Every structure is written in structure tokens, then in C-alpha cells.
Amino acid sequence: MTSPSGFTLPARLLHWSMAALILAMLLIGAAMVTSLGEYHALVSLHRPLGILILALALLRLAYRRRHAPPPLPADLPRWQQRAAHASHLALYGLMLALPLVGWAMLSAARYPVALVGPLVLPPILPGSPMLYAGLRVLHTVLAYALFGVILAHLGAALMHGLIRRDGVFASMAPWRPRAERQQG
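Small disclaimer: the values here were computed from a predicted structure and weren't measured. (Residues numbered from 1 in each chain as written. Predicted model: local features only at pLDDT ≥ 70, side-chain atom pairs only at ≥ 80, totals over all residues. Heavy atoms only, no water.)

**Observations regarding helix H2 (residues 39–66)**
Line of reasoning, step 1. If you check H2, its first and last C-alpha atoms are 40 Å apart, about what 28 residues at 1.5 Å a residue would give, namely 40 Å.
Line of reasoning, step 2. Of all the residues in H2, the buried ones are Leu 42, Val 43, His 46, Leu 49, Gly 50, Ile 51, Ile 53, Leu 54, Leu 56, Ala 57 and Arg 60.
Line of reasoning, step 3. On its buried face, H2 sits against helix H1 (9–34), helix H3 (78–108), strand S1 (113–114), strand S2 (120–121) and helix H4 (129–164). (Helix = DSSP H or I, 4+ residues; strand = E, 2+ residues; numbered from the N terminus. Expected span 1.5 Å × (residues − 1). Buried < 20%, exposed > 50% of the residue type's maximum accessible area, 1.4 Å probe, protein only. Contact = heavy atoms within 4.5 Å.)

**Looking at the confidence of the model for the protein**
Caution is warranted with low-pLDDT regions, since their predicted coordinates should not be read in detail.
Line of reasoning, step 1. Residues of the protein with pLDDT of at least 70 account for 92%, and the chain-wide mean is 89.
Line of reasoning, step 2. Mean pLDDT across the elements of the protein ranges from a minimum in helix H6 (residues 178–183), with 50, to a maximum in H3, with 95. (pLDDT = per-residue confidence, 0-100.)

**Overview of the UniProt feature "transmembrane region" (unreviewed entry) in the protein**
Line of reasoning, step 1. Following the UniProt record, the feature "transmembrane region" (unreviewed entry) maps to residues 13–33, 45–63, 83–106 and 141–163 here.
Line of reasoning, step 2. Note that residues 45–63 is 100% helix and 0% strand, and that its end C-alpha atoms are spaced 27 Å apart. (UniProt positions renumbered as here; feature names shortened; annotations may be inferred.)

**Some details on the UniProt feature "domain: Cytochrome b561 bacterial/Ni-hydrogenase" (unreviewed entry) in the protein**
Line of reasoning, step 1. The positions UniProt marks with the feature "domain: Cytochrome b561 bacterial/Ni-hydrogenase" (unreviewed entry) are residues 7–174.
Line of reasoning, step 2. Secondary structure within residues 7–174 divides into 75% helix and 2% strand; the distance between the first and last C-alpha atoms comes to 10 Å.

**A closer look at H1**
Line of reasoning, step 1. For H1, spanning 26 residues, the distance from its first C-alpha to its last is 38 Å, which sits close to the expected 38 Å at 1.5 Å a residue.
Line of reasoning, step 2. Among the residues of H1, those classed as buried are Ala 11, Arg 12, Leu 14, His 15, Met 18, Leu 21, Ile 22, Met 25, Leu 26, Ile 28 and Met 32.

**Examining the layout of surface pockets**
Line of reasoning, step 1. As a volume, the second largest pocket reaches approximately 1,000 Å³.
Line of reasoning, step 2. Taken together, 35 residues line the second largest pocket, and the ones lying closest to its centre are Gly 29, Met 32, His 46, His 139 and Ala 143.
Line of reasoning, step 3. Along the lines of polarity and charge, the residues of the lining of the second largest pocket split into 26 nonpolar, 7 polar and 2 charged. (1 Å grid on protein atoms, 1.4 Å probe; cavity = no way out; pocket = protein on both sides within 12 Å on 5 of 7 lines; lining within 4 Å. Points joined across faces, edges and corners; volume = space filled by probe spheres on them. Nonpolar A, V, L, I, M, F, W, Y, C, P; charged D, E, K, R; others polar.)

**Digging into the pattern of salt bridges**
Line of reasoning, step 1. The final tally for this structure, using the stated rule, is 2 salt bridges.
Line of reasoning, step 2. With a shortest N-O distance of 2.8 Å, Asp 75 and Arg 164 are connected by a salt bridge. Of the two residues, Asp 75 is situated in the loop between H2 and H3 and Arg 164 in helix H4; the sequence distance between them amounts to 89 residues.
Line of reasoning, step 3. Taking relative accessible area as the criterion, Arg 164 reaches 26% and is therefore assigned partly exposed. (Salt bridge = Lys/Arg side-chain N within 4 Å of Asp/Glu carboxyl O.)

**Notes on the packing of H1 against H4**
The geometry of a pair of packed helices is captured by two quantities: the angle between their axes and the separation between those axes.
Line of reasoning, step 1. Where H1 meets H4, the axes come as close as 11 Å, and the angle between the chain directions of the two elements is 135°. If you check the angle between H1 and H4, you find them oblique. In this structure, H1 meets H4 at a crossing whose hand is left-handed. When H1 is examined against H4, the residues His 15, Ile 22 and Leu 26 are found in contact with a partner set consisting of Ala 143, Leu 146, Phe 147, Ile 150 and His 153.
Line of reasoning, step 2. Of the residues belonging to the contact of H1 with H4, the class tally is 6 nonpolar, 2 polar and no charged. (Axes fitted to C-alpha atoms, helices over the stretch in contact; angles between N-to-C directions. Parallel < 35°, antiparallel > 145°, perpendicular 65-115°, else oblique. Left-handed = near helix turned anticlockwise from the far one by under 90°.)

**What about the packing of H1 against H2?**
Line of reasoning, step 1. As a packed pair, H1 and H2 sit with axes 9 Å apart at the nearest point and diverge in direction by 155°. Here H1 is positioned roughly antiparallel relative to H2, judged by the angle of their axes. Judged by the sense of rotation from one axis to the other, the crossing of H1 with H2 is left-handed.
Line of reasoning, step 2. Across the contact of H1 with H2, the residue classes break down as 21 nonpolar, 4 polar and 1 charged.

See the structure below:
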């Protein structure tokens, strides 16, 4: 059950573990386009991490349907409430779209999506060099969009934590909020 003052522990664990994974993925992706010598090693990390992020995003969405987030502060301007809602939609959309587009891109290139050992995902699109090229551009554009939305999300979190001090940041903090520690 979600308390009015904060997210549940599973929601916080999913949030922060996904934040670390997504940051790692963005850094690995950037390194992949700049390092020819380490490209294959980086790709072998990037593919299974992308599928893990997809699985965790689906788990997170299912969890969120059963455990609503705490309400935003009542005095938060309406435009900021709308921006918060839109940014969360964008984050979830991109957390789902990027791995799916990556999987589709690799399918179109006829590259296997190897997870661990002999476990390989089936292709989700037929092989097509033209489709691969378009999906590769789309994957890059979506990665930049995710980076931008994450920066906006981080800026909003810092505004709530350092300027407004309204409990929004504390509600998702990786540590247990003070009131929750006193109750438990």
C-alpha cells in the first residue's frame, strides 16, 4: 500500500535500480559509438541490459497500476502538475520504446539478441537493411530524448528537494522517509 507521504519500498527499489541501469545503458550506448575497439564487448552488455530494462519497465507499470503514486502537493501550480504527468508518460514510453526499437533494429539486421549463454530472443521483424537503417536512427533519437527527459526529471526532483522542500523528492528517496522509520 502506498502511503500519502511516499512510495512503497518496492516502487523505490524499482525506480533506483532502473535509474542506475538506464544511466549505464546511456553511457554504454555513447561508448559504443565512440569506441571501435570495445564495440563488441559493449554491445554484448547493451543487448541483455536493454531487455532487462524492458522487463523491469513492464513490472514497474504493473506495480504502479496496483499502487498509485502519492499525490502531488496541492499548492503545486496546475502547469507543473501537467508537466510532471507528461514527463512520467514520456519516461515510461521511452523505457518501453527504446528496448523494443533496439530489438526490432537487431531483428531487421538479422543479429541475434543474445541474453545469457544459449538464450537468444526470437526476431520480431523480418530482415531488411532499409528497416534496420531507419530503426537505428530512431533508436538514437529516442536515446537522446530519454537523456533529455531524464535531465528534466532530475531538475524537477532537485527543485522539489532543494527549493520547494515539499516532500516530493523525499517520497522517492532511496532511504525510508522519517515518518515511515518512526512507524516501523
